[in-house]
Amino acid sequence: MKKIVIGNWKMNPHKTKDAIKLHAALSKGVKGIKQVTTVFTPPYPYLPLVKGSASLALGAQNVDVGSGPLTGGVSLAMLTDLKVTYVIVGHSERRARGETDAHTREKVNGIIASKMNVVLCVGEKERDHGGKYLGEVESQLTTALTDVSRSQLANIIIAYEPVWAISKGDGKGQTATPEHAHEMKLFIQKILVGKYGRAAALRVPVLYGGSVNKENVSELLRGEVDGFLVGGASLIPDAFISILKTTSAYARNS
Ligand code: PGA
């Protein structure tokens, strides 16, 4: 399977001119990268200024769903109109600010109905020896996918992001091991197989996110994940391109 690497810019950079510069550097750097679908997700204000391309797809970090007035909201129609093709939902930083599994579910349904791809983030707050963290991830996953049919699964990407491994912004927090990532990929696949059957379930990419950087990416690839959701390191063109190159070489050889 082709790998997927998504750059999550979060609330960066603070100036439009820097966003345009970063986008230009990434667009140049992704040229010639094969075997990897690359996506970048700038903050909303930059979406109209930094176009996606065949080698660098445009994503959004969030969306609002439902009808009626919503101060500060950004709708699915707005994202579609801006040619956004991927939308992140359920990120732990949004969950920490009140996004519930029910909201995530609504967003997943809306994104699919709008024919964009969902990047559904799941992940435990901490790992306990009793395995409660597995239940936490299972409930995030199953609630978000409640209404998703087998054919709609083609629009779903899962990003396993253990909250304890997400960096403070520099991409250098406590990284999970390849074993952590692998275990969770299998666990997620098992849940998906139970609901959708093997063939459809095993086509769903399961990414890893949490302090991925150019130093640890080859090690993390040993966890057999289908790619990465990269925060801090996606703001540094050299680091992000290096992650892409390593991932691409791995995909080519496996
Ligand atoms: P990080 O962020 O790479 O800076 O840890 C990952 C994410 O939260 O998507």
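Structure shown above.
Owing to the predicted nature of the structure, the values given are computational and were not obtained by experimental measurement.

### Let's talk about the site of the ligand
- In the neighbourhood of the ligand, 13 residues make up the surrounding shell, with K10, H91, E161, S167 and S211 lying closest.
- At 2.9 Å from an oxygen atom of the ligand is found a main-chain nitrogen or oxygen belonging to G231.
- For the ligand, the accessible surface in isolation is 290 Å², of which the surrounding protein chains cover 100%.
- With respect to the detected pockets, the ligand is housed in the largest cavity.
- Here the shell around the ligand is built from residues that sort into three nonpolar, eight polar and two charged.

### Examining the packing of aromatic side chains
- A full pass over the atoms with the stated rule returns two aromatic pairs.
- Plain terms: the ring middles of W9 and F40 are 5.6 Å apart, the flat faces sit at 50° to each other, and that makes the pair tilted. You can see W9 sitting in the loop between β1 (3–8) and α1 (16–30) and its partner F40 sitting in strand β2 (residues 36–41), a full 31 residues away along the chain. No difference in accessibility class separates W9 from F40, as the two residues are buried.

### Looking at the sheet that holds β2
- Taken in spatial order, the eight strands line up as β1-β2-β3-β4-β5-β6-β7-β8 and close into a barrel, and their pairing is parallel. Averaged over all pairs of adjacent strands, the angle between their axes in this sheet comes to 25°, without regard to strand direction.
- In this sheet, strand β6 (residues 156–160) lies alongside strand β5 (residues 117–122) in parallel orientation, the contact comprising five bridges. Bridge pairing links C121 to A159 in β6.
- Contacts from helix α5 (residues 132–144) reach β5 and β6, with the element oriented near 155° to β5.
- Packed on one face of the sheet, helix α6 (residues 178–196) meets β5, β6 and β7 (206–209) and runs near 140° to β6.

Calculation notes
- Residues numbered from 1 in each chain as written.
- Predicted model: local features only at pLDDT ≥ 70, side-chain atom pairs only at ≥ 80, totals over all residues.
- Heavy atoms only, no water.
- Near = heavy atom within 4 Å.
- Polar contact = N/O pair within 3.5 Å; in protein donor to acceptor, adjacent residues only side chain to side chain.
- Areas by Shrake-Rupley, 256 points an atom, 1.4 Å probe, with all protein chains shown as cover.
- 1 Å grid on protein atoms, 1.4 Å probe; cavity = no way out; pocket = protein on both sides within 12 Å on 5 of 7 lines; lining within 4 Å.
- Sits in = over half its atoms within 2 Å of the grid points.
- Nonpolar A, V, L, I, M, F, W, Y, C, P; charged D, E, K, R; others polar.
- Phe/Tyr/Trp six-rings, centres within 6.5 Å; stacked < 30°, edge-to-face > 60°.
- Helix = DSSP H or I, 4+ residues; strand = E, 2+ residues; numbered from the N terminus.
- Buried < 20%, exposed > 50% of the residue type's maximum accessible area, 1.4 Å probe, protein only.
- Pairing = 2+ DSSP bridges.
- Axes fitted to C-alpha atoms, helices over the stretch in contact; angles between N-to-C directions.
- Contact = heavy atoms within 4.5 Å.

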